[in-house]
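For reference, the chains in residue letters:
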Amino acid sequence: MSTKHEKILQYIESLPVGDKISVRQIAKEMQVSEGTAYRAIKEAENRRLVSSIERVGTIRIEKKKKENIERLTFAEIVNIVDGQVLGGKSGLHKTLTKFVIGAMQLEDMMRYTDAGSLLIVGNRIKAHENALRAGAAVLITGGFDTTEDNKLLADSLDLPIISTSYDTFTVATMINRAIYDQLIKKDILFIEDIYVPMTDTAALKNDETIHHFQKLNERTTHGAFPVVTHQNKLVGMITVKDVIGREENELIEKVMTKNPIAGSMKMSVASAGHRMIWEGIDLLPIVDDDNILQGVISRQDVLKALQLAQRQPQHGETIDDLVKNEMKVLGDEELIVEFKVTPQMTNQYGAISYGAFTTLLAEVGSFALKRRKRGDAVAENMTIYFIKPVQMESTLTVKPRILDMSRKFVKMDFEVYNQQMLVGKAMMMFQLLER
């Protein structure tokens, strides 16, 4: 049974691309409170089903697949550049195919401008008109306006004319940054990418008995199941361990683990893996905002997905990527890592930032464990001594040393040198990701 929240989201998704929606309209249409409608619209925005623009409203936009995430809609451009829509509002839902910077003669500019483009240009009225006639939208930089005729033309062609107070260089940088951030998000695996939906797995009802558990266990060979109410709300988890020595007619809700740990669709796979290992659980139920069971993920699913992700080519660069790129492995017997401190990794005093330094140690530690064939690990805690400040452009040498290793934990010691001088020491504990 769907909740009000889910019904509103389904309704929004069923609307034609380009439709405008409002809190009041949704509340009236779906007979819910304005608060419920507002929450659902915000969730729709998170899911990239709609885009809200100041002075225009909320528009249903095309939902982009993960592999096509670098394509932006004109509505998203308005938000990125803090723009004002001068005309063609009904075309804001459209996806643009390329950007053209109008820093050339008009005829040359038009050679590059075609349908689906966005021409980024200053106060060149004729260029605005020609771009619209060629099927392109226009982004006017420097806070300039355009003519009333151009605005009417934009309205008739459903092609937005957007004005922003930023200059062309800043606008291009902002758009690039937005695409770049989306590429990083695309590389991150979320639960929604790998979970097993309820149609492909099984759950038990809280008023069923241990007999039902045993039948389901025989049929599926699964050792754990989520427990739900008849409204499909998650109330517990039951495993083989819970039923040992119990009578067949005992109710499941008497032996299950109540208020189990659950994940959400937007949780990253890495975060779920860490949580499962930390809590010692093999199956994580996945719920929505109303605690309705959506599916499950197993520890095996998580490890498989993480290993696959590590083999994929990465597009965006996170801080971790920047640090990894500057690491050079030396020494065959004893592991030594050389590291160059780039300007991006410094604080306001021009010394290496705490974040970059910590990331460096965690990466070196993970590498040392992989070398020992111990697979993936998660840094659990660390104690760092910053002995001397390290300036940018310095080349550091990191020497990791494994002090103690058990089946689940590893204690490691690090010494960091700048030339021959000791500049930092650390002690770190890693938790090994077991299968």
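Residues numbered from 1 in each chain as written. Predicted model: local features only at pLDDT ≥ 70, side-chain atom pairs only at ≥ 80, totals over all residues. Heavy atoms only, no water.

Interaxial distance between helix α2 (residues 23-30) and helix α3 (residues 34-46) falls to 8 Å at its minimum, and their mutual angle equals 115°. Classified by the interaxial angle, the pair formed by α2 and α3 is roughly perpendicular. Relative to α3, the crossing made by α2 is right-handed. Between α2, through Val23, Arg24, Ile26 and Ala27, and α3, the contact on the second element is made entirely by Glu34, Ala37, Tyr38 and Ile41. Its residues placed into classes, the contact of α2 with α3 shows six nonpolar, no polar and two charged. (Axes fitted to C-alpha atoms, helices over the stretch in contact; angles between N-to-C directions. Helix = DSSP H or I, 4+ residues; strand = E, 2+ residues; numbered from the N terminus. Parallel < 35°, antiparallel > 145°, perpendicular 65-115°, else oblique. Left-handed = near helix turned anticlockwise from the far one by under 90°. Contact = heavy atoms within 4.5 Å. Nonpolar A, V, L, I, M, F, W, Y, C, P; charged D, E, K, R; others polar.)

On to the sheet that holds strand β5 (residues 98-101). Two orientations exist for strands paired in a sheet by backbone hydrogen bonds: parallel and antiparallel. What the five strands build is an open sheet, ordered β4-β8-β7-β6-β5; its pairing is mixed. The strands lining the two open edges of the sheet, one partner per strand, are β4 (84-87) and β5. Between one strand axis and the next, the sheet turns through 25° on average, direction left out of account. As defined by bridge partners, β5 adjoins strand β6 (residues 117-121) across four bridges and the pair is classed as parallel. When the bridges of β6 are listed, Ile101 appears paired with Ile120. (Pairing = 2+ DSSP bridges.)

For Asn381, the position within the fold is in strand β18 (residues 377-386). The spacing of Asn381 and Met427 is 46 residues in sequence and 8.5 Å in space, taken between C-alpha atoms. Once residues within four sequence positions are removed from consideration, Asn381 is found in contact with Met427, Met428 and Met429.

Turning our eyes to something else, we now look at the domain arrangement of the protein chain. In terms of domains, the protein chain is made up of domain 1 (4-60), domain 2 (74-187), domain 3 (192-308) and domain 4 (319-432). Computed over C-alpha atoms, the centres of domain 1 and domain 4 are 47 Å apart. (Domains from an automatic or database assignment.)

In spatial order, the strands read β16-β17-β19-β20-β21-β18; together these six strands make up an open sheet with antiparallel pairing. A single partner strand is all that each edge strand has here, and the edge strands are β16 (327-330) and β18. Strand-to-strand twist of the sheet, defined as the mean angle between neighbouring strand axes without regard to direction, takes the value 25°. Bridge count for β16 against strand β17 (residues 336-340) is four bridges, and the pairing is antiparallel. Residue pairing across strands places Leu330 opposite Ile336, the latter belonging to β17.

The subject of this paragraph is the UniProt feature "domain: CBS" (unreviewed entry) in the protein chain. Sites flagged by UniProt as "domain: CBS" (unreviewed entry) map to residues 197-254 and 256-318. From the first C-alpha to the last, residues 197-254 spans 26 Å; its make-up is 31% helix and 24% strand. (UniProt positions renumbered as here; feature names shortened; annotations may be inferred.)

A separate point is the pattern of salt bridges. Within the structure shown, the criterion is met by 16 salt bridges. Across the pair Glu129 and Lys126 runs a salt bridge whose closest N-O atoms are separated by 3.5 Å. You can see Glu129 and its partner Lys126 sitting in helix α6 (residues 125-133), three residues apart, about one turn around the helix. For Lys126, a relative accessible area of 47% corresponds to the partly exposed category. For Glu338, the salt bridge is made with Lys328, and the minimal N-O distance between the two is 3.7 Å. With a gap of 10 residues between them, Glu338 in strand β17 and Lys328 in strand β16 connect regions that are remote in the sequence. Within the structure, one salt-bridge network assembled from shared partners comprises Arg401, Asp413, Glu415 and Lys425. (Salt bridge = Lys/Arg side-chain N within 4 Å of Asp/Glu carboxyl O. Buried < 20%, exposed > 50% of the residue type's maximum accessible area, 1.4 Å probe, protein only.)

This paragraph deals with the pairing of strand β19 (residues 395-405). Sheet topology note: the β17/β19 ladder contains four bridges and is antiparallel. Paired with Phe339 across the two strands is Leu396, which belongs to β19. Across nine bridges, the pairing between β19 and strand β20 (residues 409-418) is antiparallel. If you follow Val398 over to β20, its bridge partner there is Val416. The hairpin turn running from β19 into β20, its antiparallel successor, is three residues long.

The subject of this paragraph is the packing of aromatic side chains. Applying the stated criterion to the full structure yields three aromatic pairs. Relative to Phe225, the ring of Phe213 lies with its centre 5.6 Å away and its plane at 80°, an arrangement referred to as edge-to-face. Of the two residues, Phe213 is situated in helix α10 (residues 210-220) and Phe225 in strand β11 (residues 224-228); the sequence distance between them amounts to 12 residues. A relative accessible area of 2% places Phe213 in the buried class. With a centroid separation of 4.8 Å and an interplanar angle of 50°, the aromatic rings of Tyr354 and Phe386 are classed as tilted. Separated by 32 residues along the polypeptide, Tyr354 in helix α16 (residues 354-371) and Phe386 in strand β18 bring together distant segments of the chain. Judged by relative accessible area, Tyr354 falls into the exposed class, the value being 59%. For Phe386, a relative accessible area of 39% gives the class partly exposed. Ring pairs connect the aromatic residues Tyr354, Phe357 and Phe386, which therefore count as one cluster. (Phe/Tyr/Trp six-rings, centres within 6.5 Å; stacked < 30°, edge-to-face > 60°.)

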